[in-house]
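Notes for the structure review
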Amino acid sequence: MIQSIWKMKKVLAILLALSTLSFIVYLTIGRKNVGSIHKYTSTDDLYVKEKTKLLKNDLQEAATKIQELEEKLEILETRIPKKYPEVKFLNYLKKKRILVTGGAGFVGSHLVDNLMLQGHEVIVVDNFFTGRKRNVEQWIGHENFELIHHDIVNPLFIEVDEIYHLASPASPPHYMQNPVKTIKTNTLGTINMLGLARRVNAKVLIASTSEVYGDPDIHPQPETYWGHVNPIGPRACYDEGKRVAETLTYAYAKQENMQVRVARIFNTYGPRMHMNDGRVVSNFILQALQNEVITVYGSGEQTRSFQYVSDLVDGLVALMESNYTLPVNLGNPVEHTINEFATIIKQLVGGHSTIKNVAEVEDDPQRRRPDISRAKNILNWEPKVSLNVGLQKTVNYFRKELKRFKHSHNKSSNFL
Ligand SMILES: O=C(O)[C@H]1O[C@H](OP(=O)(O)OP(=O)(O)OC[C@H]2O[C@@H](n3ccc(=O)[nH]c3=O)[C@H](O)[C@@H]2O)[C@H](O)[C@@H](O)[C@@H]1O
């Protein structure tokens, strides 16, 4: 079908070219001939004018027809079946209807891929504040997939078996950009999702964060640690927002006898991170790829532990499938200072960026590393992807993104 459409397109292009050519030939050779055979008269001139007019009309008619045909072709093209990744077949007993809030975001979209490939029906709800349609475009039109543009701060009425509640900006510059909205998403949004889960009797997993531990004074951080959070600092909208989300979850679970899961997610990276994400992984990689200065905030002696996104997704699915209700840390326990991390990225990318220490960030947690004993014991889960392998995939992704950005930037400036 695709080939025949291409053939039709070629034929149309040839037709258009031929008719234009014949018109030009007529105007040049035809006119000259008229002049060479006959003596030039005003009758000839009239004849040529009349003929030109007729040909112009013919050409106009042909152009209209071609346009009509092109429109028909466009409609036909939309009917060409899209090639989707192959999904498992599940019978109606095993197939679940799963809602993923924030499913067009970085982590959400990878989770959606996993659930779709397993053969489930997936409904993505996203307000596209930090999520992008592009992250889930591979599934658009698939019979098991649905994309809803909706802000979960408002209630949602659908029937589902499970809810992965991931909707919230997660990058510090993003969540600090509109702190009130971040709090609303994590409080009102969470109430709406817990309310929905209660109404339809669905299992619900809440994406919490390592930030509930604040700037920790216990290291590494086990789930039993209560945290060290500044309730009025610049990060409070997010870390206190997530703490309330956890409190709400356990209040609903107790009062309404619901099945809940809480994942405390540590720093995660991978393809589909936004170019303007502002977190350390994307910043350093983009800076290194463009030979710009790699900006280390503060002394660079603060630490983080980075997990690759596919490991996190495996952990989220395992947690949902378990019958464990208390919070579970999901993160990679391999810890690095930010200075070390800058050097790792610089070496991996190459180029001639320099590493520079710039102003520190207020309330920046100084040490962060998950204690993952609980996830290991209960879910039999631990990260599999090494930093080198994960970073290489992420660097490749950002390299492509930069090319794509430059290409579309050039195109739009040509257009202007
Ligand atoms: O990546 C994540 O998943 C986590 O990211 C953030 O937490 P944070 O650790 O502050 O994330 P980054 O902004 O990536 O910062 C990590 C460290 O790198 C530093 N950094 C960041 C960006 C930069 O250009 N340079 C730089 O030195 C920061 O100051 C911080 O010490 C979010 O708050 C968490 O919710 C989220 O789980």
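The shown structure was predicted, so the numbers you read here are calculated from the model rather than taken from an experiment. (Residues numbered from 1 in each chain as written. Predicted model: local features only at pLDDT ≥ 70, side-chain atom pairs only at ≥ 80, totals over all residues. Heavy atoms only, no water.)

1. What to know about the overall build of the protein
A tally of helices and strands in the protein yields 11 helices and 13 strands. Residues classed as buried in the protein amount to 47% of the 416 residues present. Here the contacts in the protein between residues at least 6 apart in sequence split such that 82% fall between residues at least 24 apart. Of the roughly 22,500 Å² that the protein leaves accessible, carbon and sulfur atoms contribute 56%. (Helix = DSSP H or I, 4+ residues; strand = E, 2+ residues; numbered from the N terminus. Buried < 20%, exposed > 50% of the residue type's maximum accessible area, 1.4 Å probe, protein only. Contact = heavy atoms within 4.5 Å. Areas by Shrake-Rupley, 256 points an atom, 1.4 Å probe, with all protein chains shown as cover.)

2. Things to note about the site of the ligand
The ligand sits among 25 residues. The nearest are Glu211, Arg235, Thr295, Arg304 and Asp364. Between an oxygen atom of the ligand and a side-chain N or O atom of Thr209, the distance comes to 3.2 Å. Separating an oxygen atom of the ligand from a side-chain N or O atom of Asn283 is a distance of 2.8 Å. Relative to its unbound accessible surface of 700 Å², the ligand loses 96% to contact with the protein. Those elements that place two or more of their residues in the shell around the ligand are helix H4 (172-177), helix H7 (280-289) and strand E8 (294-297). Among the residues making up the shell around the ligand, the classes are represented as 12 nonpolar, seven polar and six charged. (Near = heavy atom within 4 Å. Polar contact = N/O pair within 3.5 Å; in protein donor to acceptor, adjacent residues only side chain to side chain. Nonpolar A, V, L, I, M, F, W, Y, C, P; charged D, E, K, R; others polar.)

3. Some remarks on the sheet that holds strand E4 (residues 162-165)
Spatial strand order, E3-E2-E1-E4-E5-E6-E11: seven strands in an open sheet with parallel pairing. Either end of the sheet is taken by a strand with one partner, and the two such strands are strand E3 (145-149) and strand E11 (327-330). Each adjacent strand pair in this sheet contributes to an overall mean axis angle of 20°, direction not counted. The sheet contact formed by E4 and strand E5 (residues 203-209) spans four bridges and is parallel. Within E5, the residue paired with Glu162 across the bridge is Lys203. Contacts between helix H5 (residues 179-200) and the sheet are confined to strand E1 (97-101), E4 and E5, with E4 contributing the most and set at about 175° to the helix. (Pairing = 2+ DSSP bridges. Axes fitted to C-alpha atoms, helices over the stretch in contact; angles between N-to-C directions.)

4. Some details on the side chain of Ser208
The topology assignment puts Ser208 in strand E5. Side-chain polar atoms of Ser208 contact the side chain of Glu246, separated by 2.6 Å. If we skip the residues at most four places from it in the chain, Ser208 touches Lys242, Glu246, Val262, Ala263, Arg264 and Ile265.

5. Thoughts on a negative patch on the surface
A cluster of like negative charges, contributed by Glu68, Glu70, Glu71 and Glu74, occupies part of the molecular surface. Mapped onto the elements, Glu70 comes out in helix H2 (residues 42-78). A relative accessible area of 44% places Glu70 in the partly exposed class. (Patch = residues over 30% accessible without salt bridge, like charges linked within 9 Å, V, L, I, M, F, W, Y side chains within 5 Å. Salt bridge = Lys/Arg side-chain N within 4 Å of Asp/Glu carboxyl O. Lys, Arg positive; Asp, Glu negative; His and termini not counted. Charge placed at Lys NZ, Arg CZ, Asp CG, Glu CD.)

6. Re the nonpolar core
In this structure, Val112, Tyr164, Val281, Phe284, Leu316, Leu330 and Phe341 are the most contacted members of the largest nonpolar core, which totals 60 residues. The residues contacting Tyr164, other than those within four sequence positions of it, are Ile98, Leu99, Val100, Thr101, Leu111, Leu115, Leu205, Leu316, Val317 and Met320. Counting 25 residues, the second-largest nonpolar core is a separate cluster that includes Ile123, Ile163, Leu248 and Met258. (Core = buried A, V, L, I, M, F, W, Y, C linked by side-chain atoms within 4.5 Å.)

7. Considering unusual backbone geometry
Cis peptide bonds are those with omega within 30 degrees of zero, and the linkage from His219 to Pro220 qualifies with -10°. In this structure, Pro220 sits in the loop between E5 and helix H6 (236-256). Residue Asn257 is not a glycine yet carries a positive backbone phi of 55°. Residue Asn257 is classed as exposed on the basis of its relative accessible area of 70%.

8. Notes on the packing of aromatic side chains
Counting across every chain of the model gives seven aromatic pairs. Pairing Tyr213 with Tyr225 gives two aromatic rings, centres 5.9 Å apart and planes at 25°, and the pair type is stacked. One end of the pair, Tyr213, is in the loop between E5 and H6; the other, Tyr225, is in the loop between E5 and H6, with 12 residues separating them in the sequence. Judged by its relative accessible area of 1%, Tyr213 is buried. Where Tyr213 meets Phe266, the ring centres are 6.1 Å apart and the plane angle is 40°; that geometry is what we call tilted. (Phe/Tyr/Trp six-rings, centres within 6.5 Å; stacked < 30°, edge-to-face > 60°.)

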